[in-house]
Amino acid sequence: MRALNYLASVIVVASVLLTSASTAQIKHEEKSKPSITKAIAVLHPTKGSDVHGVVTFEVVEMRVRVVADLTGLAPGKHGFHIHELGDCSSSDGTAAGGHFNPTGMPHSMPSSDKRHIGDLGNIEADKDGKAHLDYVDHMLTLEDVNSIIGRSVIVHEKEDDLKTQPTGAAGARLACGVIGVAKPAAPEK
Ligand code: CU
Ligand code: ZN
């Protein structure tokens, strides 16, 4: 009986040790791959344009909040997209490629489930040429294969009609900015 009790306690101690070891390992793996919670694109004008701005992408409750502030636009709506390539090297913005569309969907509006991931719709400028946008997108992600990190943000001359394939007929590219990893926002107090 004593021997059995001893054996039982050895098993309990061993299993506790094993459990804590595997928990420690999981914690270590989580720590070694910190997740990205915020990204930023600083937009610079293309040739002949004076459009500047900053766009941030912040993870909020598993979705991505988009906040954009632009200046130098003509009043009205302007197509606003994430393009496939993080390349703003050409003077007309075309090096950024087409709309970011890793899932092979048609061009559409931000609220659609079947859209280019990069379809952010339009941003509207006031009479002073300033535009502000703040909304939570249901499709963007900063993680894994469809991550927008390393892609680019483009703002266009014309309004995106949300239906013409594959561009929304938004015209020339007025500003371009590469999306990079940003310093995480300070936790709210
Ligand atoms: Cu575009
Ligand atoms: Zn599109």
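All residue numbers refer to positions counted from 1 along the written sequence of the respective chain. Written order determines the labels here, with chains lettered from A and ligands numbered from 1. Per-residue local features of the predicted model are confined to residues with pLDDT of at least 70, and side-chain atom pairs are confined, for both listing and counting, to 80 or more; whole-chain, interface and lining totals are unaffected and use all residues. Water and hydrogen atoms were dropped before computing side-chain values, which therefore reflect all heavy atoms in the structure.

Quick look at the coordination of the zinc ion (ligand 2)
Move 1: Coordinating N, O and S atoms are those within 2.8 Å of the metal (3.2 Å for Na, K and Ca), and as water is not part of the atoms, a site may appear to have fewer donors than expected. Within the protein, the atoms that donate to the zinc ion (ligand 2) are His99 (ND1), His107 (ND1), His116 (ND1) and Asp119 (OD), at distances of 1.9 to 2.0 Å.
Move 2: Written as a sequence motif, the donor arrangement for the zinc ion (ligand 2) is H-x7-H-x8-H-x2-D.
Move 3: Think of it in three bands: residues with accessible area under 20% of the maximum for their type are buried, residues over 50% are exposed, and the middle band is partly exposed, with areas taken using a 1.4 Å probe on protein chains only. Residue class for His107 comes out buried when judged on its relative accessible area of 3%.

Remarks on the state of the cysteines
Linking two cysteines covalently via their sulfur atoms produces the bond known as a disulfide.
Move 1: Sulfur atoms of two cysteines make up a disulfide when they are within 2.5 Å. Per the stated rule, a full pass over the model turns up 1 disulfide.
Move 2: Here Cys88 is linked by a disulfide to Cys176, with a sulfur-sulfur distance of 2.0 Å. Here the S-S torsion is close to -70°, and the disulfide linking Cys88 with Cys176 is therefore left-handed. Taken together, the residues span a long stretch of sequence, with Cys88 in the loop between strand 4 (76-83) and strand 5 (119-125) and Cys176 in strand 8 (residues 173-181) at a distance of 88 residues.
Move 3: Note on Cys176: relative accessible area 5%, which makes it buried. Elements are defined by DSSP. Helices are runs of H or I of four residues or more, strands are runs of E of two residues or more, and each kind is numbered from the N terminus.

Focus on the environment of Val55
Move 1: Among the structural elements, Val55 can be located in strand 2 (residues 52-60).
Move 2: Overall, the relative accessible area of 0% leaves Val55 in the buried class.
Move 3: Sequence separation between Val55 and Ala39 is 16 residues; the distance between their C-alpha atoms is 8.5 Å.

Considerations on a nonpolar patch on the surface
Move 1: Patch membership requires over 30% relative accessible area and the absence of a salt bridge. Like charges are linked within 9 Å, and nonpolar side chains (Val, Leu, Ile, Met, Phe, Trp, Tyr) within 5 Å. For every accessible area listed, the method is Shrake-Rupley and the probe measures 1.4 Å; residues are considered covered only by the protein chains on display. We define a salt bridge as a contact between a side-chain nitrogen of Lys or Arg and a carboxyl oxygen of Asp or Glu at a distance within 4 Å. Taken together, the side chains of Ile40, Val42 and Val54 make up a nonpolar region of the molecular surface, amounting to roughly 190 Å² of accessible area.
Move 2: Its location among the elements puts Val42 in strand 1 (residues 38-45).
Move 3: Owing to a relative accessible area of 40%, Val42 belongs among the partly exposed residues under this scheme.

Here's the deal with the coordination of the copper ion (ligand 1)
Move 1: Around the copper ion (ligand 1), the protein contributes the donor atoms His81 (ND1), His83 (NE2) and His156 (NE2), at 1.9 to 2.0 Å from the metal centre.
Move 2: Along the chain, the residues donating to the copper ion (ligand 1) fall in the pattern H-x1-H-x72-H. Each of the two residues, His81 as well as His83, counts as buried.

Observations concerning the pairing of strand 2
Move 1: What makes two strands pair is DSSP finding at least two bridges between them. In the sheet, strand 1 pairs with strand 2 via 6 bridges, with the strands oriented antiparallel. By the bridge assignment for strand 2, Ile40 is matched with Thr56.
Move 2: Inspection of the sheet shows strand 2 paired to strand 3 (residues 63-71) by 9 bridges, in the antiparallel sense. Bridge pairing in strand 3 links Val55 to Ala68.
Move 3: The loop that links strand 2 with its antiparallel partner strand 3 comprises 2 residues; one of these, Glu61, has a positive phi angle of about 50°.

Quick word on the side chain of Ser152
Move 1: Here Ser152 shows up in strand 7 (residues 152-156).
Move 2: In this structure the side chain of Ser152 is engaged in a polar contact, spanning 2.8 Å, whose partner is the backbone oxygen of Leu85.
Move 3: Those residues in contact with Ser152, other than ones at most four positions away along the chain, are His81, Ile82, His83, Leu85, Gly86, Cys88, Ala96, Cys176, Gly177, Val178 and Ile179. Any N or O atom pair separated by 3.5 Å or less is treated as a polar contact, with the protein-specific requirement of one donor-capable and one acceptor-capable atom, and with residues adjacent in sequence counted only for side-chain atom pairs. We call two residues in contact whenever any of their non-hydrogen atoms come within 4.5 Å of each other.

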